[in-house]
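The residues making up each chain are set out below.
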Amino acid sequence: MRVLLVGAGGVGTAITRIAARRGFVTRMVVADYDLTRAEAAVAALKEHADRFSARRLDASDEDGVRRLLAEERCDVLLNATDPRFVMPLFRAALAAGVHYLDMAMSLSAPHPERPYEECGVKLGDGQFELADRWADSGRLALVGMGVEPGLSDVFARYAADELFDEIEEIGVRDGANLTVEGYGFAPSFSIWTTIEECLNPPVVYEKERGWFTTAPFSEPEVFDFPEGIGPVECVNVEHEEVLLIPRWVDARRVTFKYGLGDDFMDKLRALHELGLDATAKVTVPGEDGPVRVSPRDVVAACLPDPATLGERMTGKTCAGTWVKGTKDGAPREVYLYHVVDNQWSMREYGSQAVVWQTALNPVVALELLATGVWSGKGVLGPEALPPRPFLDLLAEYGSPWGLREQG
């Protein structure tokens, strides 16, 4: 399989390190707006570097992306950029006639009058609008194939297929006990994406009502995470699983809750109150005259790069899917989960736990596509495909999943 990987940040670099150990990747072109980042990712692969190359690429330049896909005879575009670039990359892959895979979907927009009650533009709406064109092309756009969304959706499909007869609720629950030495505020994932999903109105799905929204950080609950992480307070956050799972899995209710912590939420609220979460550019003084910058980009530039935090980070991160329903007429409740210890991921791959856990799943999915175990056409989420092959291959990659009976 010949892959164009767009984005050589923390997740993109971790993807190269995981993919280098798997023979199904015959060629991976690592492209980034900052060529030095792409070159550094390739240089770190050492004996595997002959299958990898670095290129400079502007992810917003659809024609440039399409030309590079054709020039390199790529089979698939793997998008490891932030969600701002989903649509140009998505359209470029469609125009080039190649498959497409991402870990975050096209951006949402709040309802103009009732943002905390009704959906406006939902996550992924822009991509699903092109579903017929993708189906007609005979190519697959596998969307939301990271860890959350991604593995969490695979868990939902597995639960529906093998563990339950009827499902009352599917709730994705994410928590960690990670700490970063020397920083008062150091998000372990892209702050641009974190602001987007945490400050937008969270979406909830109910079968009788459809999709609707609530206020940010609503409905707090304490969830007990496995493998020593323990109880973490989780709150509603906007996330793709709530928009994806109901399309293919029958459940009465679907939610996503994230363990953020009071201090983290307070800082996000402060950014919002100061207008520093805004993406629209403002004019600020510069050495050579006025400069137009996005406040959110300034915040991101002032914080440490999440990819560089691994040596200062300790603890574990857990992604998982809690499912409640019935099996053989009896109530059942389970939590399917995947835990990564930062010490292990740093030792084995040189990547911190959160970015490595995100990067693992698209590589597993690509291998299933390369071998023909997974196939399809159109715009599909992970829950549209058979879950067992994915979960079996995950264990083969040395990072098995777990299942805990609740109650």
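Remember, predicted model here, so these are calculated numbers, not experimental data.

Each value, and the rule that gives it
- Residues numbered from 1 in each chain as written.
- Predicted model: local features only at pLDDT ≥ 70, side-chain atom pairs only at ≥ 80, totals over all residues.
- Heavy atoms only, no water.
- Pairing = 2+ DSSP bridges.
- Helix = DSSP H or I, 4+ residues; strand = E, 2+ residues; numbered from the N terminus.
- Salt bridge = Lys/Arg side-chain N within 4 Å of Asp/Glu carboxyl O.
- Core = buried A, V, L, I, M, F, W, Y, C linked by side-chain atoms within 4.5 Å.
- Buried < 20%, exposed > 50% of the residue type's maximum accessible area, 1.4 Å probe, protein only.
- Contact = heavy atoms within 4.5 Å.
- Axes fitted to C-alpha atoms, helices over the stretch in contact; angles between N-to-C directions.
- Parallel < 35°, antiparallel > 145°, perpendicular 65-115°, else oblique.
- Nonpolar A, V, L, I, M, F, W, Y, C, P; charged D, E, K, R; others polar.
- Phe/Tyr/Trp six-rings, centres within 6.5 Å; stacked < 30°, edge-to-face > 60°.
- Lys NZ or Arg CZ within 6 Å of the ring centre and 35° of its normal.

1. A look at the pairing of strand S3 (residues 52-56)
Side chains on a regular strand alternate between the two faces of the sheet.
And then number 1: Judged from the five bridges that link them, strand S2 (residues 27-32) and S3 form a sheet pairing that is parallel. Across the sheet, the residue bridging to Ala 31 is Arg 55, located in S3.

2. Some thoughts on the pattern of salt bridges
And then number 1: This model, assessed by the stated rule, comprises 30 salt bridges.
And then number 2: Measuring nitrogen to oxygen at the nearest pair gives 2.9 Å for the salt bridge that ties Arg 22 to Glu 396. Pair noted here: Arg 22 is in the loop between helix H1 (10-19) and S2 and Glu 396 is in helix H14 (residues 387-396), with a separation of 374 residues, a long-range link.

3. Thoughts on the nonpolar core
And then number 1: With 90 residues, the main nonpolar core has Ile 15, Met 28, Val 30, Leu 142, Ile 170, Trp 374 and Phe 390 as its most contacted residues.
And then number 2: The element contributing the most residues to this core is helix H13 (residues 353-370), with eleven residues.
And then number 3: Beyond its immediate sequence surroundings of up to four residues, Trp 374 is in contact with Leu 142, Met 145, Val 154, Ala 365, Leu 368, Leu 369, Leu 385, Pro 386 and Phe 390.
And then number 4: By size, the runner-up hydrophobic cluster in this structure holds 29 residues, among which are Val 65, Cys 74, Leu 94 and Leu 244.

4. Here we look at the environment of Leu 366
And then number 1: Examined against the element boundaries, Leu 366 turns out to sit in helix H13.
And then number 2: Leu 366 sits in the buried class, given a relative accessible area of 1%.
And then number 3: Considered as a pair, Leu 366 and Met 1 are 365 residues apart in the sequence and their alpha carbons are 8.5 Å apart.
And then number 4: Excluding anything up to four places from it in sequence, Leu 366 contacts Met 1, Val 3, Phe 24, Val 76, Leu 78 and Leu 101.

5. Looking at the packing of helix H8 (residues 191-199) against helix H11 (residues 295-302)
And then number 1: Contact pair H8 / H11: the axes reach a minimum separation of 9 Å and the direction vectors enclose 130°. Accordingly, the angle class assigned to the pair H8 and H11 is oblique. Judged by residue contacts, Ile 191, Trp 192, Ile 195 and Glu 196 of H8 engage Arg 296, Asp 297, Val 299 and Ala 300 from H11.
And then number 2: Within the contact of H8 with H11, the residues separate by chemical class into five nonpolar, no polar and three charged.

6. Things to note about the sheet that holds strand S4 (residues 76-79)
And then number 1: An order of S3-S2-S1-S4-S5-S6-S19 is seen for the seven strands of this open sheet, with the pairing classed as parallel. The strands lining the two open edges of the sheet, one partner per strand, are S3 and strand S19 (378-380). Going across the sheet, the axis of each strand differs from the next one's by a mean of 20°, ignoring polarity.
And then number 2: Examined bridge by bridge, strand S6 (residues 140-142) and S19 share three bridges and lie parallel to one another. What sits directly across from Ala 141, in S19, is Val 379.

7. A look at the packing of aromatic side chains
Aromatic ring pairs are reported here in terms of the distance separating the ring centres and the angle at which the planes meet.
And then number 1: Applying the stated criterion to the full structure yields 16 aromatic pairs.
And then number 2: Taken together, a centroid distance of 5.2 Å and an interplanar angle of 85° make the contact between Phe 90 and Tyr 100 edge-to-face. Placement of Phe 90 in helix H4 (residues 86-96) and of Tyr 100 in strand S5 (residues 99-102) is noted, with a sequence separation of ten residues between them.
And then number 3: A residue is classified by how much of its surface remains accessible, and Phe 90, at 0% relative accessible area, is buried.
And then number 4: An aromatic cluster of at least three residues, connected via ring pairs, comprises Phe 223, Phe 225, Tyr 335 and Tyr 337.
And then number 5: Across the ring face of Tyr 397, the terminal group of Arg 22 is positioned such that the distance to the ring centre comes to 4.1 Å.

8. Re unusual backbone geometry
What is expected of a backbone is that most residues other than glycine have negative phi and most peptide bonds are trans.
And then number 1: A cis geometry characterises the amide bond from Glu 148 onward to Pro 149, with omega recorded as 0°.
And then number 2: Looking at where Pro 149 falls in the secondary structure, it is placed in the loop between S6 and helix H7 (151-163).
And then number 3: One non-glycine residue with positive phi stands out, namely Lys 46, at about 55°.
And then number 4: Among the secondary structure elements, Lys 46 is positioned in the loop between helix H2 (35-43) and S3.

Bear in mind that shape data such as this cannot, by itself, settle questions of function.
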